[in-house]
Amino acid sequence: MVLDVIGLGQDPRAVVERAIDERKSAESDHDAERDSYWTVFDRDKHVHFCEAINLGIAAGIDMAISNPCFELWAILHYEPVDAPLGRHEAQERLRELCPTYSRSNKRFQDRQAIETSHHLAVERARGLAGERGDAEAHDNPSTTVSELTEQLRIPDA
């Protein structure tokens, strides 16, 4: 598996547009049919959040989306979340659960939680999605980061 990571740090619509452009550029590649193109973004306060989701769906781009923020995915490694929360509230809760996390470096580095609780985080994320219809799939709280991590995980030998 080869990963090309392109960090844009931009509005979700720009991220989805870039993924579409990258896929178009690779269409002549003989292995292009095996490639997948993922975008990773969160709700935060982005104006084009819903527009980006609709564009990604229409273009067949896979999306790892968190609402309100990426920290929700990390929190699910520790505990379930069953009510909407603000991004600052989520960041503070993650700091309480994982003292090595800081908003400034935005890194979730609790290897033990990642290794031992990934399956719980996946189940919790799916539980959030399972409670909604398509129109509400990305409402707060929600995350599809689990779908990306499941694609990336190497099966146990």
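For the structure, check the block above.
Residues numbered from 1 in each chain as written. Predicted model: local features only at pLDDT ≥ 70, side-chain atom pairs only at ≥ 80, totals over all residues. Heavy atoms only, no water.

**Topic: the overall build of the chain**
Turning to step 1, where the next piece is worked out: Within the chain one finds six helices and three strands.
Turning to step 2, where the next piece is worked out: Going from N to C terminus, the chain has its helices and strands arranged as α-β-α-β-α-α-α-β-α.
Turning to step 3, where the next piece is worked out: Residues counted as buried form 34% of the 157 residues belonging to the chain.
Turning to step 4, where the next piece is worked out: Partitioning the intrachain contacts of the chain with sequence separation of at least 6 by distance along the chain shows that 63% fall at a separation of at least 24.
Turning to step 5, where the next piece is worked out: Carbon and sulfur atoms form 48% of the exposed surface of the chain, whose accessible area is close to 9900 Å². (Helix = DSSP H or I, 4+ residues; strand = E, 2+ residues; numbered from the N terminus. Buried < 20%, exposed > 50% of the residue type's maximum accessible area, 1.4 Å probe, protein only. Contact = heavy atoms within 4.5 Å. Areas by Shrake-Rupley, 256 points an atom, 1.4 Å probe, with all protein chains shown as cover.)

**Re helix H4 (residues 87–97)**
Turning to step 1, where the next piece is worked out: Where H4 is concerned, the buried positions are Ala-90, Gln-91 and Leu-94. Relative to the axis of H4, the buried residues are bounded by an arc of 100° and lie together on one face.
Turning to step 2, where the next piece is worked out: Where the residues of H4 are buried, they touch helix H3 (71–75). (Arc of directions from axis to C-beta.)

**A short note on helix H2 (residues 49–59)**
Residues separated by three or four positions in an α-helix point in the same direction, a consequence of the helix having 3.6 residues per turn.
Turning to step 1, where the next piece is worked out: When H2 is considered as a whole, its buried residues turn out to be Phe-49, Ala-52, Ile-53 and Gly-56. Buried residues along H2 cover an arc of 100° about the axis, so they all sit on one side. Those residues of H2 that are exposed and aimed more than 90 degrees away from the buried face are Cys-50, Asn-54 and Ala-58.
Turning to step 2, where the next piece is worked out: Those residues of H2 that are buried are in contact with helix H1 (12–26), strand S1 (38–42) and strand S2 (62–67).
Turning to step 3, where the next piece is worked out: Within two residues after H2, Gly-60 carries a phi angle of roughly 75°, on the positive side.

**Some points on the packing of aromatic side chains**
Turning to step 1, where the next piece is worked out: Under the definition given, this model contains one aromatic pair.
Turning to step 2, where the next piece is worked out: Each ring, one from Phe-41 and one from Phe-49, has its centre 6.0 Å from the other, and the planes form 85°; the classification is edge-to-face. Each of the two residues, Phe-41 as well as Phe-49, counts as buried. (Phe/Tyr/Trp six-rings, centres within 6.5 Å; stacked < 30°, edge-to-face > 60°.)

**Observations concerning the pairing of S2**
Turning to step 1, where the next piece is worked out: Here S2 lies mainly inside the structure; five of its six residues are buried.
Turning to step 2, where the next piece is worked out: As paired strands, S1 and S2 are joined by five bridges and run parallel to one another. Bridged to Thr-39 within S2 is Met-63.
Turning to step 3, where the next piece is worked out: Read as a crossover between parallel neighbours, the route from S1 over H2 to S2 is right-handed.
Turning to step 4, where the next piece is worked out: Pairing of S2 with strand S3 (residues 142–143) involves two bridges; the strand directions are antiparallel. Opposite Asn-67, over in S3, you have Ser-142 as the bridge partner. (Pairing = 2+ DSSP bridges. Right-handed = clockwise from strand over helix to strand, strands pointing away.)

**As for the side chain of Asp-42**
Turning to step 1, where the next piece is worked out: Along the chain, the position of Asp-42 falls in strand S1.
Turning to step 2, where the next piece is worked out: Within the structure, the side chain of Asp-42 is placed 3.1 Å from the backbone nitrogen of Phe-70, a separation counted as a polar contact.
Turning to step 3, where the next piece is worked out: Those residues in contact with Asp-42 that sit more than four places away from it in its chain are Pro-12, Phe-49, Ser-66, Pro-68, Cys-69 and Phe-70. (Polar contact = N/O pair within 3.5 Å; in protein donor to acceptor, adjacent residues only side chain to side chain.)

These values are about where atoms sit, not about what they do.
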